[in-house]
Amino acid sequence: MRRVFAAAIAALTVTTAGTLVTGAPGQAADRPGRSRLVATATPGAPGLGDSYFPDYGNGGYDVDHYDVRLRYDPATDRLTGTTTILARATQDLPRFNLDFLLDVESVKVNGWTAPYAREGVHELAVTAPRRIVRGQQLTIVVRYSGVPSETLIGGYTGWTRTDDGALAVNEPESSWWWFPANDHPLDKATFDISVSVPSGVEVISNGVPPRPPLAEAGDRMRWSWRTTSPTATYLAFLAIGQYDVVTDTAPNGQPVINAYSTTLGPLAPAARASIERTAEVVDWASGIFGPYPFEAQGGVAGPVDGIGFALETQTRSVYGPGFWRRGANSYVVVHENAHQWFGDSVSVAQWRDIWLNEGFASYAEWLWSEEQGEGTAQELFDFTYAGYPADSDFWQVLPGDPGAGRIFDDAVYDRGAMALHQIRLAVGDEAFFRILPAWTAEHRHGNATVAQFQALAERISGLDLDDVFTTWLFTPGRPALPTAARSATAPQQPASWAKIREAHHLLAR
Ligand SMILES: [Zn+2]
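If you're wondering where the values come from, they're calculated on a predicted model, not measured in any experiment.

Engineer: So what's going on with the nonpolar core? Which residues, and what values?
Structural biologist: Counting residues in hydrophobic clusters, the biggest one holds 154 residues, and the most contacted among them are W178, L238, F289, W324, W355 and F453. Here F289 is in contact with A338, W341, F342, A364, L367, L436, P437 and T440, once residues within four sequence places are set aside.

Okay, here's the thing in structure tokens:
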């Protein structure tokens with residue numbers, strides 16, 4: 001959600017890539033003469049080959065689970081923690097990397113103390129204390145501390161300190177400020193997250209609480225959260241501060257846990273009138289996209305001095321206060337909850353596939369508008385298309401490959417939704433509404449590419465869709481519409497337009 005930062009970090013990544021790969025393979029802690037295998041083994045790569053963010057994530061291992069155990073003090077923003085990572089080596093590893101920024105006190109691998117060094121922008125390079133062979137189970141324990149709001153890269157932190165606590169909510173960079181990770185959507189894992197805070201402070205995170213908050217010495221409480229669904233690292237979150245928590249049961253029997261910052265004041269009713277519709281929205285969306293992919297539902301209305309956007313943090317989206325300034329907005333709730341299917345369960349394989357997240361979540365708003373009788377998707381298409389003049393820069397950004405600095409550009413959202421509408425027109429409603437649930441079923445809890453979506457849409461529709469995909473996702477300029485599709489008069493503004501615009505104004509950058 002930070003376009004400027006994404007561009008800056010992309011530049012930094014390019015300049016540091018050289019130093020990151022010129023490590024010393026095999027020299028690490030290997031004992032001489034141990035085996036030829038170790039002597040020739042290469043270190044885990046410092047990135048996962050993402051074309052936009054080459055050093056995000058790491059190679060050589062695959063994480064199954066993060067146990068993130070923290071202590072946090074809102075008064076000082078001081079965070080101390082122990083994260084235990086359960087992983088499996090996917091190659092022989094003399095050395096591997098984690099993505100992390102806070103001060104590290106120790107790293108242990110399967111109980112052995114491991115040497116480590118900071119490299120590049122956000123890399124923690126760990127030397128194997130003993131031989132690690134392909135397929136081996138790894139238990140990596142990292143102890144650390146820091147003040148995340150003061151831990152800056154190029155003047156930037158993905159951690160938001162507030163008057164009464166903090167929000168760890170950002171995309172794509174978030175985990176670096178609170179737990180060491182293989183920070184790329186390609187490596188999903190389950191999470192146990194617990195945070196000790198002074199009594200009277202609430203901690204909200206993903207999934208469900210496996211136990212009520214536990215009293216700890218020094219007038220503190222430890223809050224615990226667990227998610228048993230595979231979760232991309234950027235979709236794990238913390239909201240710490242003064243919250244009213246509202247719990248209920250959804251029509252599908254799942255727990256609904258919503259939380260409202262007590263700082264919202266006069267914005268609180270609009271926040272509740274929006275977020276309390278989460279279960280209704282999930283129920284409606286399940287009928288179109290397929291079964292809801294996770295074990296819990298909910299939303300968090302963040303504090304007035306928190307974030308300026310919203311994020312589809314898994315099982316429980318977090319919303320900034322701006323969405324409630326002009327009353328309730330169900331469209332942003334639809335957008336973030338659509339992401340639970342498109343983005344969270346079916347995640348990008350590379351960040352350039354961002355259209356699979358934002359185009360689909362934006363189109364869900366158009367479908368909701370139809371459902372609410374506030375304008376059809378066609379009316380929203382016509383009005384959006386007419387709203388961007390042919391010579392606007394908007395049409396120069398390609399939703400299918402926007403560039404690292406533009407993954408949250410308006411075009412990814414609005415032209416992205418227009419692209420899906422054109423695909424719907426090309427295949428017809430019958431095929432289109434079979435393609436959507438087939439997509440979420442085939443890639444449930446996985447990763448996927450734009451090319452794979454095209455292949456699925458072609459398979460189900462029996463049509464060659466290359467023209468519509470190329471035109472709407474990969475060609476600069478405003479696509480021409482067939483004369484028959486052009487309205488003779490300027491399209492009327494649909495009733496849903498203002499709310500959708502308000503939401504996108506805060507979501508896209
Ligand atoms: Zn979105």
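Engineer: Account for unusual backbone geometry, with residues named and values stated.
Structural biologist: Each neighbour pair has its own omega, and for E171 with P172 the value is -5°, a cis peptide bond. Its place among the elements puts P172 in the loop between β10 (165–168) and β11 (189–198). In this model, D77 sits at a positive phi of 60°, which is unusual for a non-glycine residue. Mapped onto the fold, D77 is located in the loop between β1 (61–73) and β2 (78–89). Look at H445: it is not a glycine, yet its phi comes out positive at around 60°. The topology assignment puts H445 in the loop between α9 (429–442) and β22 (446–448). The partly exposed category is assigned to H445, whose relative accessible area is 24%.

Engineer: Got a sec to walk through the sheet that holds β10? Specific residues and values, please.
Structural biologist: In spatial order, the strands read β9-β10-β15-β12; together these four strands make up an open sheet with antiparallel pairing. Taken across any chain shown, the strands that pair with only one partner, and hence form the sheet edges, are β9 (159–162) and β12 (202–204). Strand after strand, the sheet turns through a mean of 15° between neighbouring axes, direction not considered.

Engineer: Tell me what's going on with helix α8 (residues 410–427), and back it up with residues and numbers.
Structural biologist: When the terminal C-alpha atoms of α8 are compared, their 25 Å separation across 18 residues agrees well with the 26 Å that a helix rising 1.5 Å per residue should span. Where α8 bends most, the angle comes to about 25°, and this point is G416. Counting buried positions along α8 gives 15 out of 18 residues, so the element sits mostly inside the fold. Following α8 by one or two positions, G428 adopts a phi angle in the positive range, close to 90°.

Engineer: An account of the coordination of the zinc ion is needed here, citing residue identities and associated values.
Structural biologist: Taken together, the protein ligands of the zinc ion are H335 (NE2), H339 (NE2) and E358 (OE), with distances of 2.0 to 2.1 Å. Counting along the primary sequence, the residues that act as donors to the zinc ion give the motif H-x3-H-x18-E. Taken together, the residues span a long stretch of sequence, with H339 in helix α5 (residues 330–341) and E358 in helix α6 (residues 355–372) at a distance of 19 residues. Both residues of the pair, H339 and E358, count as buried.

Engineer: Could you give me a rundown of the side chain of Q314, with the residues and numbers involved?
Structural biologist: One can find Q314 in the loop between β19 (310–311) and β20 (317–319). Those residues in contact with Q314 that sit more than four places away from it in its chain are N206, G207, S229, P230, T231, A232, L235, F294, Q340 and D344.

Engineer: Describe the packing of aromatic side chains, listing the residues and the values that go with them.
Structural biologist: Going through the model one piece at a time under the given rule, you end up with 38 aromatic pairs. Relative to Y385, the ring of F381 lies with its centre 5.8 Å away and its plane at 20°, an arrangement referred to as stacked. Here F381 pairs with Y385, and both are found in helix α7 (residues 377–387), just four residues apart, close to one helical turn. By the ring-pair criterion, three or more aromatic residues cluster together here, those being F289, Y292, F294, W341, F342, W355, F360, W439, F453 and F469. Geometry around Y260 places R272 over its ring, the cationic atom sitting 4.6 Å from the centre.

Engineer: Give me the pattern of salt bridges: which residues, what numbers.
Structural biologist: When charged atoms on two side chains of opposite charge get close, those side chains can pair. Under the counting rule described, the total for this entry stands at 14 salt bridges. In this structure, the salt-bridge partner of E105 is R143, at a minimum N-O distance of 3.7 Å. Placement of the pair is E105 in strand β4 (residues 103–109) and R143 in strand β8 (residues 137–146), with a sequence separation of 38 residues. We note a salt bridge from R222 to E216, for which the minimum N-O separation is 2.6 Å. Classification of R222 as buried rests on a relative accessible area of 9%. A residue is classified by how much of its surface remains accessible, and E216, at 26% relative accessible area, is partly exposed. Within this structure, E370, R424 and D429 form a network of salt bridges that share partners.

Conventions used here
- Residues numbered from 1 in each chain as written.
- Predicted model: local features only at pLDDT ≥ 70, side-chain atom pairs only at ≥ 80, totals over all residues.
- Heavy atoms only, no water.
- Core = buried A, V, L, I, M, F, W, Y, C linked by side-chain atoms within 4.5 Å.
- Buried < 20%, exposed > 50% of the residue type's maximum accessible area, 1.4 Å probe, protein only.
- Contact = heavy atoms within 4.5 Å.
- Helix = DSSP H or I, 4+ residues; strand = E, 2+ residues; numbered from the N terminus.
- Pairing = 2+ DSSP bridges.
- Axes fitted to C-alpha atoms, helices over the stretch in contact; angles between N-to-C directions.
- Expected span 1.5 Å × (residues − 1).
- Bend = angle between axes of the 7 residues up to and from the residue.
- Donors = N, O, S within 2.8 Å, 3.2 Å for Na, K, Ca; no water.
- Phe/Tyr/Trp six-rings, centres within 6.5 Å; stacked < 30°, edge-to-face > 60°.
- Lys NZ or Arg CZ within 6 Å of the ring centre and 35° of its normal.
- Salt bridge = Lys/Arg side-chain N within 4 Å of Asp/Glu carboxyl O.

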